[in-house]
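# Examination of the molecular architecture
Here are the chains, one letter per residue:
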Amino acid sequence: MKQCKSTLKYDFESKTVVVGDRVVDLQIWDTAGQERYQSLGTSFYRGSDCAFVVYDVTDRKSFEQLSFWVEDVLEMEANAHIVIIGQKIDLEKTRVVAKTEGEEWSSTHGYPYYETSAKDNINVKTVFLESAKILMQQSVEIEPELDHNEEEPASYFSYCALV
């Protein structure tokens, strides 16, 4: 059985994905989404290009707190690309938040929605790749004349907060 790491306060990870001819390095700050660590998290949101706001599909309270966490992120970084993620879909028997609820909430608020399982590695790569594509599109709109080296993919760094 694969071990999954749980976040107690905050954690830092780096994820590299390739989008077309570009290498995108996502620097991810996992703030654990616990209110008692909120003051730590807000410093990580500032300057973030995106925020993955994650709730547990087996915990209705975490779903009900989506607005709180999204507002918290936007207060620190108004232009952050927000992604809503329902996690722990491998625990279908104890699920209390239906997929349609997550989709509807995200659609109503204008955010992309994914469901994942870190334990079973379901949709995790998809979330990072699709978010990197959106961040790349945004960077091209901002900086249309980036240098490209044909020998080597160009690099792009993005900072993300995992709430």
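What you see is a predicted model, and the numbers here were worked out from it, not measured in a lab. (Residues numbered from 1 in each chain as written. Predicted model: local features only at pLDDT ≥ 70, side-chain atom pairs only at ≥ 80, totals over all residues. Heavy atoms only, no water.)

The subject of this paragraph is the overall build of the protein. A count of helical and extended segments in the protein gives five helices and six strands. Starting at the N terminus and walking to the C terminus, you meet the elements of the protein as β-β-α-β-α-α-β-α-β-α-β. In the protein, which comprises 163 residues, the proportion classed as buried is 40%. In the protein, once contacts between residues fewer than 6 apart in sequence are set aside, the share between residues at least 24 apart is 72%. Here the protein displays about 9700 Å² of accessible surface, and carbon together with sulfur accounts for 49% of that area. (Helix = DSSP H or I, 4+ residues; strand = E, 2+ residues; numbered from the N terminus. Buried < 20%, exposed > 50% of the residue type's maximum accessible area, 1.4 Å probe, protein only. Contact = heavy atoms within 4.5 Å. Areas by Shrake-Rupley, 256 points an atom, 1.4 Å probe, with all protein chains shown as cover.)

The final tally for this structure, using the stated rule, is five salt bridges. In this structure, Glu92 and Arg95 form a salt bridge, with 3.4 Å as the shortest nitrogen-oxygen distance. Accessibility expressed as a relative area gives 17% for Arg95, which makes it buried. Here Arg95 makes a salt bridge to Glu115, at a shortest N to O gap of 2.3 Å. Here Arg95 is found in the loop between β4 (81-87) and α4 (99-109), whereas its partner Glu115 is found in strand β5 (residues 113-115), with 20 residues between them in sequence. Judged by relative accessible area, Glu115 falls into the buried class, the value being 8%. (Salt bridge = Lys/Arg side-chain N within 4 Å of Asp/Glu carboxyl O.)

The next thing to look at is the packing of aromatic side chains. One pass over the structure, following the stated rule, counts five aromatic pairs. When the centroid spacing of 4.8 Å and the interplanar angle of 80° are considered together, the rings of Phe68 and Trp69 count as edge-to-face. Overall, Trp69 belongs to the buried group, its relative accessible area being 6%. Three or more aromatic residues link up through ring pairs in this structure, and these residues are Tyr55, Phe63 and Tyr113. (Phe/Tyr/Trp six-rings, centres within 6.5 Å; stacked < 30°, edge-to-face > 60°.)

Here β4 lies mainly inside the structure; six of its seven residues are buried. Sheet topology note: the β4/β5 ladder contains three bridges and is parallel. Pairing of Gly86 across the sheet is with Glu115, part of β5. With respect to chirality, the unit in which β4 leads through α4 into the neighbouring parallel β5 is right-handed. (Pairing = 2+ DSSP bridges. Right-handed = clockwise from strand over helix to strand, strands pointing away.)

All right, on to the side chain of Arg95 then. A polar contact is formed between the side chain of Arg95 and the side chain of Glu115, at a distance of 2.3 Å. Ignoring sequence-local partners within four residues, the contact set of Arg95 consists of Val57, Thr58, Ile89 and Glu115. (Polar contact = N/O pair within 3.5 Å; in protein donor to acceptor, adjacent residues only side chain to side chain.)

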